[in-house]
Amino acid sequence: MQDTIQSRDSQGRVADAPSGHWVYRALPRRQWPYAQLARWDRPIGWWLLLWPCWWSAAMAGVAGADAPGLAFAPWPHPWHLFLFLIGAIAMRGAGCTYNDLVDQKIDEQVARTRSRPLPSGQVTRRQAWTFLFCQALVGFLVLIQFNLFAIGFGILSLAVVAIYPFMKRITDWPQLTLGLAFSWGAWMGWAAIYGEVGIAPALLYAGSILWVIGYDTIYAHQDKEDDALVGVRSTARLFGENTKVWLVGLYSGCLVLFAAAYAVAGMPPLAYAGLIAAALHMGNQIRVLDIDDADQCLALFKSNAVVGWLIFAGLLAGALTA
């Protein structure tokens with residue numbers, strides 16, 4: 001049944017989700033729709049939400065190498081890394097569930113999304129709202145483990161999350177709003193250590209926004225024909241055949257801002273090696289991209305997890321020489 005595409009007549013997997021993922025083997029069938037609402041069978045989303053958190057935590061650790069009494073510096077605080085991991089999984093799942101509730105009528109009209117739990121009738125809206133609350137509660141329990149400043153700053157992100165699903169109806173730049181939400185961790189890793197923010201995390205946040213716009217533009221090219229029919233707007237539709245040119249600008253701007261954040265935070269030279277490796281990976285994404293090949297667009301979108309690892313590895317390498 002894992003190979004069956006879900007519909008109102010049969011339970012199975014969502015069209016663009018893997019058929020052999022562990023959640024389908026580990027969970028009872030009645031729990032499958034909740035795993036699909038939270039996208040547990042597609043972990044790339046929480047990885048992309050997690051990376052700005054981990055980058056910020058790692059940068060904060062290296063920046064505090066000479067600060068007296070700063071726990072674990074120049075390394076990122078391991079407890080914070082764990083909290084960010086759990087928080088990213090919970091809040092990404094909550095965000096996806098909320099997005100599906102808002103977009104149910106649109107999802108019913110798009111081939112890739114009509115097999116999701118709500119449009120396929122596998123869960124009711126009330127069940128989805130209850131599940132959303134439970135995931136948000138986990139996220140809140142994670143958040144309150146941090147200092148008061150970080151707690152307050154984290155709560156601010158909810159305003160951006162709340163408006164994101166509606167932006168595709170009113171602007172060609174919904175990916176910008178996604179960037180504002182998905183990059184919020186760039187503030188949080190720093191705030192969790194220092195109880196304040198500054199220029200370095202601000203530059204990291206701005207660079208992450210450009211990165212998110214870039215990779216989500218690639219992702220949105222999967223749906224551009226259906227989006228045009230139902231009136232959904234996106235940077236994929238806006239950029240069209242000029243997507244590669246835009247990606248060069250977005251990814252280049254991202255890397256420049258990251259390098260500026262490193263400079264302000266006093267990162268050692270070895271940390272920049274991660275940025276160079278990430279630049280090569282991003283350049284290859286642009287080189288091979290075929291905006292009319294939906295499967296390739298999805299694969300390239302997912303490959304941004306590698307970008308996250310490369311940048312994080314560079315920061316850890318920098319900690320060795322801090």
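Scroll up for the structure.
Let me sum up the structure you'll find in this document. (Residues numbered from 1 in each chain as written. Predicted model: local features only at pLDDT ≥ 70, side-chain atom pairs only at ≥ 80, totals over all residues. Heavy atoms only, no water.)

Thoughts on the nonpolar core
- Counting residues in hydrophobic clusters, the biggest one holds 74 residues, and the most contacted among them are Trp55, Met59, Phe84, Trp211, Ile311 and Leu315.
- Here the element with the most residues in this core is helix H3 (residues 44-63); it accounts for 14 residues. (Core = buried A, V, L, I, M, F, W, Y, C linked by side-chain atoms within 4.5 Å. Buried < 20%, exposed > 50% of the residue type's maximum accessible area, 1.4 Å probe, protein only. Helix = DSSP H or I, 4+ residues; strand = E, 2+ residues; numbered from the N terminus.)

Describing the packing of aromatic side chains
- Counted by the stated rule, this structure contains 29 aromatic pairs.
- With 5.4 Å between their ring centres and 25° between their planes, Trp47 and Trp51 make a pair best called stacked. Of this pair, Trp47 and Trp51 are both found in helix H3, 4 residues apart, which corresponds to roughly one turn of the helix.
- Linked through ring pairs, Trp46, Trp47, Trp51, Trp54, Trp309 and Phe312 together constitute an aromatic cluster.
- Its guanidinium or amino end placed over the ring of Trp32, Arg29 lies 4.8 Å from that ring's centre, counting from NZ or CZ.
- Lying across the ring of Tyr164, Lys168 places its NZ or CZ 5.4 Å from the centre. (Phe/Tyr/Trp six-rings, centres within 6.5 Å; stacked < 30°, edge-to-face > 60°. Lys NZ or Arg CZ within 6 Å of the ring centre and 35° of its normal.)

Notes on the packing of helix H10 (residues 199-220) against helix H15 (residues 294-302)
- Interaxial distance between H10 and H15 falls to 8 Å at its minimum, and their mutual angle equals 155°. The orientation of H10 relative to H15 falls into the category roughly antiparallel. H10 and H15 meet at a crossing whose hand is left-handed. Contact with H10, carried on its side by Tyr215, Asp216, Ile218 and Tyr219, involves Cys297, Leu298, Leu300 and Phe301 of H15 and no other residues of that element. (Axes fitted to C-alpha atoms, helices over the stretch in contact; angles between N-to-C directions. Parallel < 35°, antiparallel > 145°, perpendicular 65-115°, else oblique. Left-handed = near helix turned anticlockwise from the far one by under 90°. Contact = heavy atoms within 4.5 Å.)

Some points on unusual backbone geometry
- Of note, the amide linkage connecting Ala73 to Pro74 takes the cis form, showing an omega dihedral of 10°.
- The residue Pro74 is located in the loop between H3 and helix H4 (78-102) in this model.
- Although it is not a glycine, Arg39 adopts a positive phi angle of roughly 60°.
- Looking at the element boundaries, Arg39 is found in the loop between helix H2 (32-38) and H3.
- For Phe72, which is not glycine, the phi torsion reads 70° and is therefore positive.
- Assignment of secondary structure puts Phe72 in the loop between H3 and H4.

A short note on a nonpolar patch on the surface
- Residues Phe133, Leu137, Phe140, Leu141 and Ile144 make up a contiguous nonpolar surface patch of roughly 480 Å² in combined accessible area.
- Tracing the backbone shows Leu141 in helix H6 (residues 125-143).
- For Leu141, a relative accessible area of 45% translates into the label partly exposed. (Patch = residues over 30% accessible without salt bridge, like charges linked within 9 Å, V, L, I, M, F, W, Y side chains within 5 Å. Areas by Shrake-Rupley, 256 points an atom, 1.4 Å probe, with all protein chains shown as cover. Salt bridge = Lys/Arg side-chain N within 4 Å of Asp/Glu carboxyl O.)

Examining the pattern of salt bridges
- One pass over the structure, following the stated rule, counts 8 salt bridges.
- A salt bridge links Lys168 to Asp103, with the nearest nitrogen and oxygen atoms 2.8 Å apart. Residue Lys168 is located in the loop between helix H7 (148-167) and helix H8 (174-182), and its partner Asp103 is located in the loop between H4 and helix H5 (104-107); the two are separated by 65 residues in the primary sequence.
- A salt bridge links Lys224 to Asp292; its shortest N-O distance comes to 3.6 Å. Taken as a pair, Lys224 in helix H11 (residues 224-230) and Asp292 in the loop between helix H14 (272-288) and H15 lie far apart in primary sequence, 68 residues in all.
- The exposure class of Asp292 is exposed, given its relative accessible area of 56%.
- Through salt bridges with shared partners, a single network forms among Arg39, Asp100, Asp107 and Arg116.

These values are about where atoms sit, not about what they do.
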